[in-house]
Number of protein chains: 2
Amino acid sequence: MGKKYKFAVIAVDVVIFTIFSNKLNVLLIKMKKKPYLGTWAVPGGLVRGDESVDQAAQRHLLTKTGVKNVYLEQLYTFGRVSRDPSGRVVSVAYFALIPFKGMRLKTTKEYAGVEWFPIDKLPRLAYDHREITSYAAERLKLKLERSNIIYSLLPNEFTLTELRKSYEIILGKKIDKRNFYKKIRSLNIIKSTQKIKRGESNRPAKLYTFISRTPKQVNVL
Amino acid sequence: MGKKYKFAVIAVDVVIFTIFSNKLNVLLIKMKKKPYLGTWAVPGGLVRGDESVDQAAQRHLLTKTGVKNVYLEQLYTFGRVSRDPSGRVVSVAYFALIPFKGMRLKTTKEYAGVEWFPIDKLPRLAYDHREITSYAAERLKLKLERSNIIYSLLPNEFTLTELRKSYEIILGKKIDKRNFYKKIRSLNIIKSTQKIKRGESNRPAKLYTFISRTPKQVNVL
DNA sequence: CCAAAAGTGTTTTGCATACACCCATGA
DNA sequence: TCATGGGTGTATGCAAAACACTTTTGG
C-alpha cells in the first residue's frame, strides 16, 4: 500500500447555470492562489466535518452567488488521484439552476473575479472542471426532457415563447411552436395567469406560471 | 465552525446484482465488528490515497466476490453527517451487474458471511444501506430501459425467453413476447448462434449472443 | 398422446411530426 | 401601414400495444 499519498479530502464543485442573452451560461470564478492563479474554475470548496455533502454544496452556492432555494442536484463524484495537483481531493459535483432575473454577482475578496460565461465559449478551466461542466451540461439536457425543472430557470411569470426558447437554447434545437404548446398544455405543469405582457412592438403575450415549483418527473419531449 | 468532527474520509459501497431463481438478488456481507456486529451490509471499504475512487470500487468488488471486468457504474454519493455512527464517512456508491452462472462466493475471514438476498426480501441493513440499495435498484431499472447493459447479467449464450425474463424480473412487469422479439431484433444488439438449447421437455430454443458487450445507449422499452 | 415452452404477423391506437395563416400591438 | 412576434388546427407517419394459434420436443 502506497505511503506517497494521504487519504483524500472531500470537496464539492457547483456548476451554476442560468439563461440570458439567448445563451446557456455558467458561473465561473477566477482563482487567486497557485497553482491555478488567474485561471477560471467552477465555484466550490471543502466539505466541513459538521455538514453533509449536500449542505456543503448549498453553502458554497450561497456564499459565491447569494442565492438559495434553487434547484440543486448531485451530478457525479470525480475521484481521479491526480485531478488536483496540490493534493488528493475527491470532488462531489453538483449542478444548480437559477433564474437570471435580478441576479447580482457577489464579488468576494477570495477570488479575483466572478463572471458568467456562455457554455460554448468557456475559457481554459482549472483542475478537471472542463470535464465537470461538460458532464453537467449533458445531464441538464437529459433532465430537462424528463422533468419540470425548467421552472428553476424562469421567472415567476413567463410567456410560452420564453418557455420554448429556454428549451431550444439548452437542447440546441428548434422546437415547433404549435406542437410544443400542445404538449406543454397536456402535461398540466403550467397555468395561465390573467396577465398580459405588453410593451413590445408586437402582439402582447399571455403570461403563464408553473402550477408547482417542485421537481416532478414528466416527459416534456 | 464546528470542531466536533474531523474532516470526512471516503469510502465506496458496491451494490452487486445478479439474477437467479427468477429473482433479482443482491450480495450482502455479514459484519464482524461493532457497532453493526451481525448486521448485513453492502460490501465496500475505504478509498486509499493512491487509488482513484473507481479503482477502489473495482478493488472491493474483486476482493469480496472474485469478479472483475463486469459492469460497474457510479451511482450516487451519500454524505449525511451521521450516516456512520463510528465516524464521518462519505460513501460513493456503485452498482455492479454480474452473470450468476458459475459464481462462487468467496467467504473471507473479514466477514461473518457472504450471501445473496432477493431484493424484495432484504434483512435489516447497516448504515444507510437500505437507502443505497433502493436507489441502486431504481437506477438499474432506468438504465435497463435505455441501454444494452442487460448483457452483464446473462451468460454468453442465452435464449430469447431468458433475455425477456431478465427484463421482466427487473422491471417487475410482464412483457409481450412478440412485441419484445420484434423490438430486440430491430435494435441489432443480439445475433443468433447456430446452436439450440435442448434437454427440456418442450420445444428447444435457439441460442443468441450479444453482438457487443460494451455499454451502448439504446431504447429497449 | 400430453404437457410445456418456442416461435411467429397483423391490426389498432396513440403520439410525434410537419405544416401556414391571421391577429394584436407599438412605432 | 408596417414590422414583429403571438396565437391557433389538421393531416400524416411511425412505433407501441394488443392479440392467438401452431410447432417441437421430452416424458
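So, a few notes on the structure that sits alongside this text. (Residues numbered from 1 in each chain as written. Chains lettered and ligands numbered in written order. Predicted model: local features only at pLDDT ≥ 70, side-chain atom pairs only at ≥ 80, totals over all residues. Heavy atoms only, no water.)

**Topic: the overall build of chain A**
Stated precisely, the cut-off is as follows: A run of DSSP states H or I qualifies as a helix once it reaches four residues; a run of E qualifies as a strand once it reaches two. Both are numbered from the N-terminal end. In this scheme, a residue with accessible area under 20% of its type's maximum is buried, one over 50% is exposed, and one in between is partly exposed, where area comes from a 1.4 Å probe on protein chains only. By the convention used here, residues are in contact when the closest approach between their heavy atoms is within 4.5 Å. Residue-level accessible areas treat just the shown protein chains as cover; the underlying method is Shrake-Rupley with a 1.4 Å probe. In this count, Lys and Arg are taken as positive residues and Asp and Glu as negative ones, while His and the chain termini are left out. Charge positions are represented by NZ for Lys, CZ for Arg, CG for Asp and CD for Glu.
Within chain A, the regular secondary structure consists of four helices and nine strands. Along the chain direction, N to C, the helices and strands of chain A fall in the order β-β-β-β-α-β-β-β-α-α-α-β-β. Reported as C-alpha extents along the three principal axes, the dimensions of chain A are approximately 65 × 35 × 30 Å. Within the span of chain A, comprising 221 residues, buried residues form 50% of the whole. In chain A, of all internal contacts separated by at least 6 residues, the share reaching a separation of at least 24 is 67%. Carbon and sulfur atoms provide 50% of the accessible area of chain A, an area that totals close to 11,700 Å². Here chain A contributes 43 positive and 18 negative side-chain charges, whose respective centroids are spaced 3 Å apart.

**A short note on the protein's contact with DNA strand D**
Applicable threshold: Only heavy atoms are used to decide nearness, and a residue is near a molecule or strand if one of them lies within 4 Å of it. We call two N or O atoms a polar contact when they sit within 3.5 Å, provided that within protein one can donate a hydrogen and the other can accept it, with sequence-adjacent residues counted only if both atoms are side-chain atoms.
Close to DNA strand D lie 24 residues; Thr-161, Asn-202, Arg-203 and Lys-206 of chain A together with Arg-203 of chain B are nearest. Considering the 4 Å shell around the protein, atoms of DNA strand D inside it are sugar or phosphate in 42% of instances. Note that a base oxygen of DNA strand D is positioned 3.0 Å from one of the side-chain N or O atoms of Lys-182 of chain A. The contact in question runs from a phosphate oxygen of DNA strand D to an N or O atom on the side chain of Arg-198 of chain B, over 3.4 Å.

**Looking at the protein's contact with DNA strand C**
Taken together, 24 residues sit near DNA strand C, with Asn-179 of chain A together with Thr-161, Arg-178, Asn-202 and Lys-206 of chain B positioned nearest. Interatomic distance of 3.4 Å between a side-chain N/O atom of Lys-183 of chain A and a phosphate oxygen of DNA strand C. Backbone polar atom of Asn-202 of chain A to a base oxygen of DNA strand C: 3.4 Å apart, as the coordinates give it. Within the residue set of the surface near DNA strand C, elements represented by two or more residues are helix H4 (177–187) of chain A together with helix H4 (177–187) and strand E9 (205–210) of chain B. Counting residues per element, the surface near DNA strand C draws most heavily on H4 of chain B, at six residues.

**Thoughts on the pattern of salt bridges**
For clarity, the cut-off: For this document, the term salt bridge refers to a Lys or Arg side-chain nitrogen within 4 Å of an Asp or Glu carboxyl oxygen.
According to the stated counting rule, one finds 21 salt bridges over all chains in the structure shown. Residue Arg-83 of chain B pairs with Asp-13 of chain B through a salt bridge whose shortest N-O separation is 3.7 Å. Pair noted here: Arg-83 of chain B is in the loop between strand E5 (71–78) and strand E6 (89–97) and Asp-13 of chain B is in strand E1 (residues 9–20), with a separation of 70 residues, a long-range link. Since its relative accessible area comes to 7%, Asp-13 of chain B is described here as buried. Across the salt bridge formed by Arg-139 of chain B and Glu-73 of chain B, the nearest N and O atoms sit 2.8 Å from each other. Here Arg-139 of chain B is found in helix H2 (residues 129–145), whereas its partner Glu-73 of chain B is found in strand E5, with 66 residues between them in sequence. Overall, the relative accessible area of 11% leaves Glu-73 of chain B in the buried class. Through salt bridges with shared partners, a single ionic network connects Asp-13, Arg-83 and Asp-128 of chain A.

**Considerations on the nonpolar core**
Stated precisely, the cut-off is as follows: Put simply, a nonpolar core is a bunch of buried Ala, Val, Leu, Ile, Met, Phe, Trp, Tyr and Cys residues held in one set by side-chain atoms that sit within 4.5 Å of each other.
One finds Ile-16 of chain A together with Ile-16 of chain B to be the most contacted residues of the largest nonpolar core, which totals 52 residues. The residues contacting Ile-16 of chain A, other than those within four sequence positions of it, are Asn-25, Val-26, Leu-27, Pro-43, Leu-61, Thr-65, Ala-96, Ile-98 and Trp-116 of chain A. Tyr-71, Ala-93, Ile-132 and Phe-210 of chain B belong to the second-largest nonpolar core, a separate cluster that totals 45 residues.

**Here we look at the relation of the copies chain A and chain B**
Both copies of the chain are related by a screw-like operation: a rotation about an axis and a shift along it. Where we set the bar: Superposition of the copies was done by least squares, using only C-alpha atoms of residues whose pLDDT is at least 70 in both.
Rotating chain A by 179 degrees about the axis while translating it 0.0 Å along that axis superimposes it on chain B, leaving an RMSD of 0.1 Å. Interpreted geometrically, this transformation is the action of a two-fold axis. The fraction of interface residues of chain A whose copies in chain B are also interface residues reaches 100%, indicating that both copies meet through the same surface.

**Thoughts on the interface of chain A and chain B**
For interface size, the figure often reported is the accessible area lost on association. The following threshold applies: Throughout, buried area stands for the accessible area (probe radius 1.4 Å) lost by two parts on being put together, summed over both. Residues are grouped as follows: Ala, Val, Leu, Ile, Met, Phe, Trp, Tyr, Cys and Pro are nonpolar; Asp, Glu, Lys and Arg are charged; every other residue, Gly included, is polar.
Counting residues at the interface gives 26 residues for chain A and 26 residues for chain B. Interface area, chain A with chain B, both sides summed: about 2,200 Å², of which 61% is carbon and sulfur. Our count for the contact surface shared by chain A and chain B stands at nine residue pairs in polar contact (both at pLDDT 80 or more). Grouping the amino acids of the side of chain A that touches chain B by side-chain chemistry returns 12 nonpolar, six polar and eight charged.

**Focus on the pairing of E5 of chain B**
Residues and elements named next belong to chain B. Definition in use: DSSP bridges decide pairing: two strands pair if at least two such bridges lie between them.
Buried residues dominate E5, accounting for seven of its eight residues. In the sheet, E5 pairs with E6 via seven bridges, with the strands oriented antiparallel. Considered in E6, the bridge of Tyr-71 is made with Leu-97.

**Quick word on the side chain of Lys-64 of chain A**
All names here are of chain A. Along the chain, Lys-64 falls in helix H1 (residues 53–65). Accessibility expressed as a relative area gives 5% for Lys-64, which makes it buried. Engagement of the side chain of Lys-64 in a polar contact is seen with the side chain of Tyr-111, the distance being 3.3 Å. Here Lys-64 is in contact with Pro-43, Gly-44, Lys-106, Glu-110 and Tyr-111, once residues within four sequence places are set aside.

**Remarks on the pairing of strand E7 (residues 113–118) of chain B**
Residue and element names in this part refer to chain B. Burial runs high along E7: five of the six residues are buried. The pairing of strand E2 (residues 23–30) with E7 spans six bridges and is classified as antiparallel. Counted as the bridge partner of Leu-27 is Trp-116 from E7.

**Some words on H4 of chain A**
All names here are of chain A. Filter applied, for reference: Arc definition: it is the arc formed by the directions from the helix axis to the C-beta atoms.
Among all positions of H4, only Phe-180, Tyr-181, Ile-184 and Leu-187 are buried. The arc enclosing the buried residues of H4, seen along the axis, measures out at 130 degrees, which places them on a common side. What points out from H4, more than 90 degrees from its buried face, is the exposed set Arg-178, Lys-182 and Ser-186. Taken together, the buried residues of H4 touch helix H3 (160–171) and strand E8 (190–197). For H4, the capping residue at the N-terminal end is Asp-176, with a side-chain oxygen 3.1 Å from the backbone nitrogen of Arg-178. Asn-188 occupies a position one or two residues after H4 and carries a positive phi of about 55 degrees.

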